[in-house]
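Residues per chain are reported as follows:
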Amino acid sequence: MTTSATPVKGKAPLGAILRGRSVPGRVVPVIATFVLFVLLFGVGAARYEGFTSGQVVANLFIDNAFLIVIAVGMTFVIVTGGIDLSVGAVVALSTMVAAASLRAGLPAPLVVLLVLLMGSTLGLLMGLVIHYFEIQPFIVTLAGMFLARGLCFVVGVESISIKDPTFRSFATAAIPLSQNVSITWSVVIALALVAVAVWVLHRTRFGRTAYAVGGSESSATLMGLPVAKVKIGVYVISGLCSAIAGLLFSLYMLSGYGLHAVGMELDAIASVVIGGTLLSGGVGYVLGSLLGVLVLGVIQTLISFQGTLSSWWTKIAIGTLLLLFIVMQRVFMRRQP
Amino acid sequence: MSVDAKQAPREAGRAAVVQMRGISVEFPGVKALQEVDFRLLPGEVHALMGENGAGKSTLIKALTGVYTPTAGVTLLDGREVSFSGPADAQDSGISTVYQEVNLCPNLTVAENILLGREPRRFGAVDGRACRARAAELLADMGLHIDPGSVLAEHPIAIQQLVAIARAVAVDAKVLILDEPTSSLDQDEVAELFRIMRVLRDRGVAILFVSHFLEQVYEISDRMTVLRNGRLVGEHLTADLSRLDLVSLMIGRELGALAEVERLAGQAGEEASTVPVLQATGVGRKGSVAPFDLQINRGEVVGLAGLLGSGRTELARLLFGADRPDSGQVRIDGKALHLRSPRAAIAAGIAYCSEDRKGEGVVADLSIRDNLILAMQAANGWARPIPRKTKDQLVEKWIKALDIRPADPDALVGKLSGGNQQKVLLARWLITKPKVLILDEPTRGIDIGAKTQIQKLVAELAQEGMAVVYISAELEEVARLSHRVVVMKDRSKIAELDQHATVDDIMRLIAHVDERSEAVAA
């Protein structure tokens, strides 16, 4: 039954827009994440005074810069159909190595280089094992996680505080965006990394091959694509990102400790999945993962503004969201031919 | 009909692109190919023919470097070559499109065509140039789809064509199409053939493998026939009648087959006319065209046809392993809703799969456990069968079918093929089915066990069981059956009475041939 004879232009039903060619199906989860973010933010703005201030938004980035960086690396891995459970432990190891070598008097630039090299080497090793021994990434990176976490305590069992002036000044430096809003260098680094990742994953042959491997590894091999290079490469990228995140985390905490970033790999995976990347591989966007992290961050902010709820409610909210998004993806994939 | 398809191959003055001489491929204990010669000329569609196991895929794999021949040489453009794998062969201009589409469904059409060879700008993939180039390639093939669309959105047929577009995008000299039509419907096949002709006229040498005789006759210029790993002959398609082709593939002279006698005592027995199973208009799109079939008490109905003719598919529909999308099945006059094998088993239908290992016996369980499986399923999980009953039953059936070793605890995986088949059969017989469907029960088993199983089938029928007997060996079907249903190109084309001979069946399979030959003459 049509009640109105004249079609209303520009008011097509949401479903039609989503199904239209102009918005490919795979973008829908990303849009959903964005809508969710706006909604959550709206709830905060409506309920709490001061929620809309620029600094709240800036803090969202400041407090989650390291998570953004890990999520970016994780996106590469998950797009190929893999998983990297070692990232949290590598973050901890990076803070530990950075703090210990700074305490030993090594110059800051050398320390940064050392940590980056260590992270990528760990990633490379895991990638090699995964590809050439054909072992599930889950197991290999689980082993990597235990190794990295254990190594932290080989370096030292106590928390080591960072007193290096370069690190300290870098950590505390504020970049003013306006009169009341400022961000840290961590945010700049994280966002720059996002930009580079968008370019690599979406625009280069390396990135496109990663999607092909995630879509069908056997097809990619038969198509003559450099599967080995890409499959190993994504773990190197993830390892490197973990090391960068570790450096940002040590700036954030100004200490190195073996119990830093426990469970952070799961936060990263949750962000990536909420951001619309399929765990089975082949579909996903770097920007989606960024949005995923921001959703996690805004939930945390909401709960701290609320004041009476324990911060563990964040976990419950994240769990619920994760389930919701996975189910949504499944329903969505089923509907496709 | 298209005249250009029937054109005699323009052979004069053309050197072969691919020349394979004396190719042998051996695996431990198996000679998959023995001294096969094969050549492929530019600008022709060359069909590679043979029954299952004749060595078609082995030859293709030997050509594309998947297998290394134990003897023989392969020349490409007159130079001796040896490829390390499909990617290497592709770099030399030999592209292969497989039966299953080997593309990435999550990427766009353009990406699938150009992946690994994308036009780039400043180190980044130039998406626009990519789509433009893909559109150009697709337009060349007369295919107008949006190169920016995701591959998974398109039907399999289009995906198949995209795979071909990728194959020719590398300037392929040789295009190998391995069963490209098995999942396509008629219009889609016509589209594929149109594109094949375009490519052929451009000088591409096309190697085409298909089980569909009509398609082979429609598109190919020349064919090479293999049987049991040996070259039987190379013929111009126009010179070889379908009847001759079928006998080359199956390997018998028609005259000799005419003498085949039925089992004594079998021919005289008339089956009852009490229907057990009646199927009307049962079919499934893309699997088997709707068919009618009646099976009477105590009757053996043979299903004959070449591989891929729809024999197994028909059986799977009757068993509910694939869901029919049209028609109705009645058992003893009662309508049966064939939702699942469970429903079929409950109604008294048993099905012994042709894939013994994959879909039949459980290799890691003992003979006893395998025998009890079907019965337990019929009995319901909640009612355990007492150990004593089990033992008696198992002993009885091991003796009845002469299963060796006669040890109930022997693992089925360790038995010979014939004995595995007997276990599978016994498993179903324990449940006392009304209709027993046997799919290639004698394939790959030794001659002694073969006769035992055939005798058993005859006895079961005499006792009143209705049996559907599927076999690629036409003699076997003709000898055992009271009626023979002939399948071709996924539909039932005829039903013969018990006096049917192998000749009759072969003529039917090659039927269209005689008609079209008569027209041509």
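Residues numbered from 1 in each chain as written. Chains lettered and ligands numbered in written order. Predicted model: local features only at pLDDT ≥ 70, side-chain atom pairs only at ≥ 80, totals over all residues. Heavy atoms only, no water.

### Points about the overall build of chain B
Within chain B, the secondary structure is distributed over 19 helices and 22 strands. For chain B, the residues scored as buried account for 53% of the 521 residues in total. Total accessible area computed for chain B in this model is approximately 22,500 Å², and 50% of it derives from carbon and sulfur atoms. (Helix = DSSP H or I, 4+ residues; strand = E, 2+ residues; numbered from the N terminus. Buried < 20%, exposed > 50% of the residue type's maximum accessible area, 1.4 Å probe, protein only. Areas by Shrake-Rupley, 256 points an atom, 1.4 Å probe, with all protein chains shown as cover.)

### A word on the overall build of chain A
On a plain count of helices and strands, chain A comes out with 14 helices and four strands. Of all 337 residues assigned to chain A, the portion counted as buried reaches 51%. Intrachain contacts of chain A at a sequence separation of at least 6 include 77% that bridge at least 24 residues. Of the roughly 16,000 Å² of accessible surface on chain A, a fraction of 70% belongs to carbon and sulfur atoms. (Contact = heavy atoms within 4.5 Å.)

### Describing the pairing of strand 21 (residues 483-488) of chain B
Residue and element names in this part refer to chain B. Counting buried residues along strand 21, six of its six residues qualify, which places the element largely inside the surrounding structure. Examined bridge by bridge, strand 15 (residues 300-304) and strand 21 share four bridges and lie parallel to one another. Looking at strand 21, one finds that Leu303 is bridged to Val485. Taken together, the five bridges between strand 21 and strand 22 (residues 491-496) define a ladder with antiparallel strand orientation. Across the sheet, residue Lys488 finds its bridge partner in strand 22, namely Ser491. (Pairing = 2+ DSSP bridges.)

### Some details on the sheet that holds strand 13 (residues 275-284) of chain B
All names here are of chain B. If you walk across this open sheet you meet the four strands as 14-13-16-17, and the pairing is antiparallel. A single partner strand is all that each edge strand has here, and the edge strands are strand 14 (288-296) and strand 17 (334-336). Looking at each pair of strands side by side, their axes are set apart by 20° on average, direction ignored. The pairing of strand 13 with strand 16 (residues 326-331) spans five bridges and is antiparallel. Its bridge partner being in strand 16, Leu277 is matched across the sheet by Ile331. (Axes fitted to C-alpha atoms, helices over the stretch in contact; angles between N-to-C directions.)

### Comments concerning a nonpolar patch on the surface
Residue and element names in this part refer to chain A. Nonpolar side chains collect at one region of the surface, where Leu124, Leu125, Leu128, Tyr132, Phe133, Ile135, Phe138 and Ile139 lie side by side and expose about 790 Å² of accessible area between them. Mapped by element, the contributors of at least two residues to the nonpolar patch are helix 5 (108-132) and helix 6 (137-155). For the nonpolar patch, the element with the highest residue contribution is helix 5, accounting for four residues. Relative accessible area serves as the criterion here: at 59%, Phe133 is assigned to the exposed category. (Patch = residues over 30% accessible without salt bridge, like charges linked within 9 Å, V, L, I, M, F, W, Y side chains within 5 Å. Salt bridge = Lys/Arg side-chain N within 4 Å of Asp/Glu carboxyl O.)

### A short note on the pattern of salt bridges
All names here are of chain B. All chains considered together, the criterion is met by 26 salt bridges over all chains. Residues Lys173 and Asp77 are paired through a salt bridge, measuring 3.0 Å at the closest nitrogen-oxygen approach. Separated by 96 residues along the polypeptide, Lys173 in the loop between helix 5 (156-169) and strand 9 (174-178) and Asp77 in the loop between strand 4 (71-76) and strand 5 (79-80) bring together distant segments of the chain. You can call Asp77 partly exposed: its relative accessible area is 40%.

### A few points about the confidence of the model for chain A
Per-chain confidence: chain A averages 88 in pLDDT, with 91% of residues scoring 70 or above. Considering only residues more than four positions removed or in separate chains, one finds that residues 1-22 of chain A, a stretch of pLDDT under 50, has eight contacts. (pLDDT = per-residue confidence, 0-100.)

### Observations concerning the sheet that holds strand 21 of chain B
All names here are of chain B. Pairing is mixed across the open sheet formed by six strands, whose spatial order is 18-19-20-15-21-22. Sheet topology places strand 18 (349-352) and strand 22 at the edges, where each strand pairs with a single neighbour. Strand-to-strand twist across the sheet, computed as the mean angle between neighbouring axes with direction ignored, equals 20°. On the sheet, helix 10 (residues 311-319) packs against strand 15, strand 18, strand 19 (435-439), strand 20 (466-470) and strand 21 and is oriented at approximately 145° with respect to strand 18. Contacts from helix 15 (residues 417-430) reach strand 18 and strand 19, with the element oriented near 170° to strand 18.

### Looking at the environment of Trp185 of chain A
Residues and elements named next belong to chain A. Mapping Trp185 onto the fold places it in helix 8 (residues 185-203). With twelve residues separating them in the primary sequence, Trp185 and Ala173 have C-alpha atoms 7.2 Å apart. What Trp185 contacts, discounting residues up to four positions off in sequence, is Phe170, Ala173 and Ile175.

### Some remarks on the confidence of the model for chain B
Residue and element names in this part refer to chain B. Looking at chain B, pLDDT values average 81 and 87% of them are 70 or higher. Confidence, expressed as mean pLDDT per element, reaches its minimum in chain B at helix 9 (residues 254-257) with 38 and its maximum at strand 3 (residues 45-49) with 93. The low-confidence segment residues 253-268 (pLDDT under 50) makes 26 contacts with residues lying over four places distant or belonging to another chain.

### Quick notes on the interface of chain B and chain A
Across the boundary between the two partners, chain B contributes 28 residues, which contact 19 residues of chain A. At the boundary of chain B with chain A, total buried surface from both sides reaches about 2,000 Å², with 53% on carbon and sulfur atoms. Taken together, the links from chain B to chain A amount to two salt bridges. With a closest N to O distance of 2.9 Å, Arg205 of chain A and Glu118 of chain B form a salt bridge. Taken together, the connections running from chain B to chain A amount to eight residue pairs in polar contact (both at pLDDT 80 or more). A per-element tally of the side of chain B that touches chain A places helix 2 (residues 86-91) of chain B first, with three residues. Of the residues belonging to the side of chain B that touches chain A, the class tally is 14 nonpolar, seven polar and seven charged. (Buried area = accessible area lost by both parts, 1.4 Å probe. Polar contact = N/O pair within 3.5 Å; in protein donor to acceptor, adjacent residues only side chain to side chain. Nonpolar A, V, L, I, M, F, W, Y, C, P; charged D, E, K, R; others polar.)

### Some thoughts on the nonpolar core
Grouped together as the largest cluster of nonpolar side chains are 174 residues, with contacts concentrated most on Met49, Ile113, Ile164, Leu175, Met196, Leu245 and Ile505 of chain B. Residue contributions to this core peak at 17 residues, all from helix 3 (residues 54-79) of chain A. Those residues in contact with Leu245 of chain B that lie beyond four places of it in its chain are Met49, Leu213, Tyr217, Met223, Val225 and Leu240 of chain B. Residues Cys352, Val423, Leu438 and Ile470 of chain B belong to the second largest nonpolar core, which totals 65 residues. (Core = buried A, V, L, I, M, F, W, Y, C linked by side-chain atoms within 4.5 Å.)

### Side note on the packing of aromatic side chains
In this structure the tally under the stated criterion is twelve aromatic pairs over all chains. A centroid spacing of 5.3 Å and a plane angle of 40° characterise the contact between Phe319 of chain B and Tyr351 of chain B, whose relative ring orientation is tilted. Here Phe319 of chain B is found in helix 10, whereas its partner Tyr351 of chain B is found in strand 18, with 32 residues between them in sequence. Across the pair, exposure class does not vary: Phe319 of chain B and Tyr351 of chain B are buried alike. Taken together through their ring pairs, the aromatic side chains of Phe37, Phe41, Tyr48, Phe51 and Phe305 of chain A make up a single cluster. Here Arg208 of chain A stacks its cationic end above the ring of Tyr211 of chain A, 4.5 Å away from the centre of that ring. Over the face of the ring belonging to Tyr217 of chain B we find Arg242 of chain B, whose NZ or CZ atom lies 4.1 Å from the ring centre. (Phe/Tyr/Trp six-rings, centres within 6.5 Å; stacked < 30°, edge-to-face > 60°. Lys NZ or Arg CZ within 6 Å of the ring centre and 35° of its normal.)

### Points about the pairing of strand 9 of chain B
Residues and elements named next belong to chain B. In terms of burial, strand 9 is largely enclosed, as five of its five residues are buried. Alternating residues of strand 9 divide into Val174, Ile176 and Asp178 and Leu175 and Leu177, and every residue in both groups is buried. Where strand 6 (residues 94-97) and strand 9 come together, four bridges link them in parallel fashion. Bridged to Thr96 within strand 9 is Ile176. In this sheet, strand 10 (residues 205-209) lies alongside strand 9 in parallel orientation, the contact comprising five bridges. Bridge assignment links Ile176 to a residue of strand 10, and that residue is Leu207.

### Regarding helix 11 (residues 227-253) of chain A
Residues and elements named next belong to chain A. Between its first and last C-alpha, helix 11 extends 39 Å over 27 residues, near the 39 Å set by a 1.5 Å rise per residue. Counting buried positions along helix 11 gives 20 out of 27 residues, so the element sits mostly inside the fold. At the exit of helix 11 stands Leu254, carrying a positive phi of roughly 55°. (Expected span 1.5 Å × (residues − 1).)

### Here we look at the environment of Val56 of chain A
Residues and elements named next belong to chain A. With respect to the helices and strands, Val56 occurs in helix 3. Owing to a relative accessible area of 13%, Val56 belongs among the buried residues under this scheme. Along the sequence, Val56 and Val298 sit 242 residues apart, while their C-alpha atoms lie 9.3 Å from each other. Excluding its chain neighbours within four sequence positions, the residues that come into contact with Val56 are Gly50, Phe51, Thr301 and Phe305.

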